[in-house]
Amino acid sequence: MENRGSFGSKLGVILATAGSAVGLGNVWRFPYMTGQNGGAAFILIYLVCIFMLGIPGMVGEFIIGRHSAANAARSYHNLSNGKPWGILGVMGVVTSMIILGFYAVVAGWCLQYLYASLLGGIHGDVSYVKQYFVEFSSDPIKPTFWTIAFILITHCVVVKGVRNGIEKASKILMPMLFVLLIVLVISSCSLPGAFKGIEFLLKPDFSKVDENVMLEALGQAFFSLSLGTACLCTYASYFSRQTNLLKSATQIALIDTIIAIMAGLMIFPAAFSVGVNPDSGPSLIFITLPNVFQQAFGSMPVVGYVISVLFYALLVLAALTSTISMHEIGTAMFYEELKVTRKKGAWVETITCCIIGIFCSLSCGAMPELSLFHLNFLDFCDHLTSQLFMPLGSFATCIFLGWYVPKKVVSDEFTNWGTLKGSLFGVYLFMVRIVCPLCILTIFLHQLGVF
Ligand code: TRP
């Protein structure tokens, strides 16, 4: 059996795990959800969710993963004392494969837009830009080609291993992503009339806040931190015994939040500057923004060209660091459990995810009959994972860790075997045992329509 590998440095741990957290969830989903749910007030609730529920959840997955130093299925199994908790790890792997399938479709659209921007951009009036998106996404070949391409790029990083593949890629991609984001935030905020966008992000309007907004914020927080699919558990299995779990979780959550807010500062000032409504939903970055680029930089076509190339490059980088983490969850399980090489394990993951991705891509227009419960297959996969599997996975993980795993294991991992003070341990235990499961159960029941 191959050596499993581990992250080589503290910086590697932070950048790789932050790479998993930072993704289309920050740059695409967070801005449109903020736009639809009332701006700053949504962000405040989101912050409460990240810090009160997200961080304890992250530490929980870290504890399970680092304790066993094995893939997700085995990590849960090792702590379950003969009970079938190992299923939770397997469920995490299945969930992450489905997520990778549809996430790669959206990431593939970003690749196409990057390519189109490099060739000169998408020029025309508002209805042309919309038609461009509809025609492209319902083409049978192009989006499917980009989806497979994206999964194959991810495959190439993951097969190289933890230190030479994942850690190295994160150390290059994350700083690039940050620099691109800063350039784009500055250009967006310096447009005339940008102030209104900044105000929208920073001035809370609590009149829009209802129970639904709170639940949306919680769901977004979980998706953005990659919680509930054994992703963090898999990465933690490569942490060293010196890694301070609570501190790392806090740092990663901070980086993730800062990047999401910066993404807002990139999108809203530009949108407000040209008078575009920011609440257009998921199509914001594919339909609204190409128009914004054209109008905002209409008198400076070269600047507009550079900005749109940088923007779609940013999306591709962000998506890639996330797809790498999703891919690794399955790869680690397949090669360790099937006792094959890492390369073969990675191929099992790649081929399965390509098949899911092809169905998701075709369901967006080329083959509309690929639908379930009145949703196209891509939306079905998205709903199934983010509204059912992810909350269920994180709920069960809290119960497992809080009530079944021996307290000694939890406290040893939390305090690095007594070498850290661990003064927050009592609070932590209270959060994972009671507060987190209750809150997650509330969203879950709400989504099932119980109240
Ligand atoms: N957190 C990522 C984002 O914000 C998405 C992501 C990466 C993810 N890995 C995951 C989501 C594992 C669920 C499970 O885009």
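Along each chain, residues carry numbers from 1 onward, in the same order as the chain's sequence is written. With the structure being a predicted model, the display of local features is reserved for residues of pLDDT at least 70 and the display and counting of side-chain atom pairs for 80 or more, all residues being used for whole-chain, interface and lining totals. Think of the side-chain values as coming from all heavy atoms in the structure, minus any hydrogens and water.

Per an unreviewed UniProt entry, the recorded name for the chain is Transporter, and the organism is Segatella hominis. UniProt positions are given in the numbering used here, feature names are shortened, and annotations may be inferred rather than shown by experiment. The heading Sequence similarities (unreviewed entry) in the UniProt record of the chain holds the text "Belongs to the sodium:neurotransmitter symporter (SNF) (TC 2.A.22) family." According to the UniProt record, the Subcellular location (unreviewed entry) comment for the chain is "Membrane".

Asks: Hey, could you go over the overall build of the chain for me, with residue numbers and the actual values?
Replies: The way it works is that DSSP assigns letters per residue, a run of H or I at least four long becomes a helix, a run of E at least two long becomes a strand, and they are numbered from the N terminus. The helix and strand tally for the chain stands at 18 helices and two strands. Using C-alpha atoms as the atom set, the radius of gyration is obtained and then compared with a globule rule of 2.2 Å times the number of residues to the power 0.38. Scaling as 2.2 N^0.38, a compact globule of 451 residues should have a C-alpha radius of gyration of about 22 Å, and the chain matches this with 21 Å. Each residue is placed in one exposure class: buried if its accessible area under a 1.4 Å probe, protein chains only, is under 20% of its type's maximum, exposed if it is over 50%, and partly exposed if it falls in between. Residues classed as buried in the chain amount to 59% of the 451 residues present. Should any heavy atoms of two residues lie within 4.5 Å, those residues are counted as being in contact. In the chain, of all internal contacts separated by at least 6 residues, the share reaching a separation of at least 24 is 82%. Accessible areas in this description were obtained via Shrake-Rupley with a 1.4 Å probe; residue shielding takes into account the shown protein chains only. Surface exposure of the chain reaches about 17800 Å², of which carbon and sulfur atoms provide 68%.

Asks: Let's hear about the packing of helix 14 (residues 301–337) against helix 15 (residues 342–362): which residues, and what values?
Replies: Under this scheme, a helix contributes an axis fitted over its contacting stretch, all axes are lines through C-alpha atoms, and angles between N-to-C directions fall in the 0 to 180 degree range. Where helix 14 meets helix 15, the closest approach of the two axes is 8 Å, and the angle between their N-to-C directions is 125°. It follows that helix 14 is oblique to helix 15 by the angle criterion. In this structure, the crossing between helix 14 and helix 15 has a hand that is right-handed. In this structure, helix 14 uses M326, H327, E328, G330, T331, F334 and Y335 to contact helix 15, whose residues at the interface are R342, G345, A346, V348, E349 and T350. Partitioned by chemical class, the residues of the contact of helix 14 with helix 15 number five nonpolar, five polar and three charged. Convention used here: angles under 35 degrees read as roughly parallel, angles over 145 as roughly antiparallel, angles from 65 to 115 as roughly perpendicular, and any remaining angle as oblique. In a left-handed crossing the near helix is turned counterclockwise from the far helix by less than a right angle, and in a right-handed crossing that turn is clockwise. As a working rule, the residues Ala, Val, Leu, Ile, Met, Phe, Trp, Tyr, Cys and Pro are called nonpolar, Asp, Glu, Lys and Arg charged, and the rest polar, with Gly in that last group.

Asks: Just give me the short version of the site of the ligand, but keep the residues and values in it.
Replies: Proximity is defined per residue: any heavy atom of the residue falling within 4 Å of a molecule or strand makes that residue near it. The immediate surroundings of the ligand are formed by 17 residues, with A21, G25, Y103, F223 and T229 found nearest. Any N or O atom pair separated by 3.5 Å or less is treated as a polar contact, with the protein-specific requirement of one donor-capable and one acceptor-capable atom, and with residues adjacent in sequence counted only for side-chain atom pairs. In the environment of the ligand, an oxygen atom lies 2.9 Å from a nitrogen or oxygen atom belonging to the backbone of A21. One of the backbone N or O atoms of G25 is found 2.8 Å from an oxygen atom in the ligand. The fraction of the free accessible surface of the ligand (360 Å²) that becomes covered by protein chains is 100%. For the shell around the ligand, the elements supplying multiple residues, two or more each, are helix 1 (10–21), helix 2 (24–36), helix 5 (86–118), helix 10 (211–224) and helix 14. Classifying every residue of the shell around the ligand gives eight nonpolar, nine polar and no charged.

Asks: Any chance you could break down a nonpolar patch on the surface for me, citing the residues and the numbers?
Replies: Residues F51, F178, I182, I186, L254 and I258 make up a contiguous nonpolar surface patch of roughly 510 Å² in combined accessible area. Counting residues per element, the ones that place at least two in the nonpolar patch are helix 8 (162–189) and helix 12 (245–273). When residues in the nonpolar patch are grouped by element, the largest group, three residues, is from helix 8. Among the secondary structure elements, F51 is positioned in helix 3 (residues 40–68). Relative accessible area serves as the criterion here: at 33%, F51 is assigned to the partly exposed category. Residues forming no salt bridge and having over 30% relative accessible area are the ones grouped into patches, like charges within 9 Å of each other and nonpolar side chains (Val, Leu, Ile, Met, Phe, Trp, Tyr) within 5 Å. Here a salt bridge means any side-chain nitrogen of Lys or Arg lying within 4 Å of a carboxyl oxygen belonging to Asp or Glu.

Asks: Outline the side chain of D382, listing residues and values.
Replies: The topology assignment puts D382 in helix 16 (residues 377–404). R29 provides the closest opposite charge to the buried, unpaired D382, separated from it by 4.8 Å. Residues within four places of D382 in sequence aside, it is in contact with F102 and Q387. Note that His is not counted, nor are the chain ends; the positive residues are Lys and Arg, and the negative ones are Asp and Glu.

Asks: Break down unusual backbone geometry for me, citing the residues and quoting the values.
Replies: In this model, N81 sits at a positive phi of 50°, which is unusual for a non-glycine residue. The residue N81 is located in the loop between helix 4 (72–78) and helix 5 in this model. Given a relative accessible area of 71%, N81 falls into the exposed group. Even without glycine at this site, S226 takes up a positive phi of about 60°.

Asks: Go over helix 6 (residues 126–137), please, and point to the residues and values.
Replies: A turn of α-helix holds 3.6 residues, and therefore any two residues three or four places apart point the same way. Working rule for helices: expected span equals 1.5 Å times residues minus one. Taking 1.5 Å per residue as the helical rise, helix 6 with its twelve residues ought to reach 16 Å, and the 17 Å between its terminal C-alpha atoms agrees with that figure. By the burial criterion, the buried members of helix 6 are V129, Y132, F133, F136 and S137. Along the long axis of helix 6, the arc covered by the buried residues comes to 110°, so they all point the same way. Of the surrounding elements, those touching the buried residues of helix 6 are helix 5, helix 7 (142–159), helix 13 (288–296) and helix 15. The directions considered for the arc are those from the helix axis to the C-beta atoms.

Asks: Now, about helix 10: what can you tell me, with residues and values included?
Replies: Given a rise of 1.5 Å per residue, 14 residues ought to cover 20 Å, and the 20 Å separating the end C-alpha atoms of helix 10 matches this to within 8%. When helix 10 is considered as a whole, its buried residues turn out to be V213, L215, A217, L218, Q220, A221, F222, F223 and S224. Two residues or fewer after helix 10 comes S226, characterised by a positive phi angle close to 60°.

Asks: Before we move on, can you summarise the packing of aromatic side chains with the specific residues and values?
Replies: Ring pairs are drawn from Phe, Tyr and Trp, using the six-membered ring of Trp, whenever the two centres fall within 6.5 Å, and their geometry is named by plane angle: stacked under 30 degrees, edge-to-face over 60, tilted for the rest. Counted by the stated rule, this structure contains 29 aromatic pairs. On the basis of an interplanar angle of 45° and a centroid distance of 6.4 Å, the ring pair of F30 and F42 is categorised as tilted. Residue F30 is found in helix 2, and its partner F42 is found in helix 3; the two are separated by twelve residues along the sequence. Seen from the ring of W417, R241 lies directly overhead, with NZ or CZ sitting 3.9 Å from the centre. When the NZ atom of lysine or the CZ atom of arginine is within 6 Å of a ring's centre and also within 35 degrees of its normal, the charge is said to sit over that ring. It is R433 that lies over the ring of W403; its NZ or CZ is 4.7 Å from the centre.

Asks: Residues and numbers for the pattern of salt bridges, please.
Replies: If you walk through the whole model with that rule in mind, you get seven salt bridges. Residue E337 is joined to R74 by a salt bridge in which the shortest nitrogen-to-oxygen separation is 2.7 Å. Remark: R74 occurs in helix 4 and E337 occurs in helix 14; sequence separation between them is 263 residues. K408 is the partner of D412 in a salt bridge, and the nearest nitrogen-oxygen pair spans 2.8 Å. Taken together, the positions of D412 and K408, both in helix 17 (residues 407–414) and four residues apart, correspond to about one turn of that helix.

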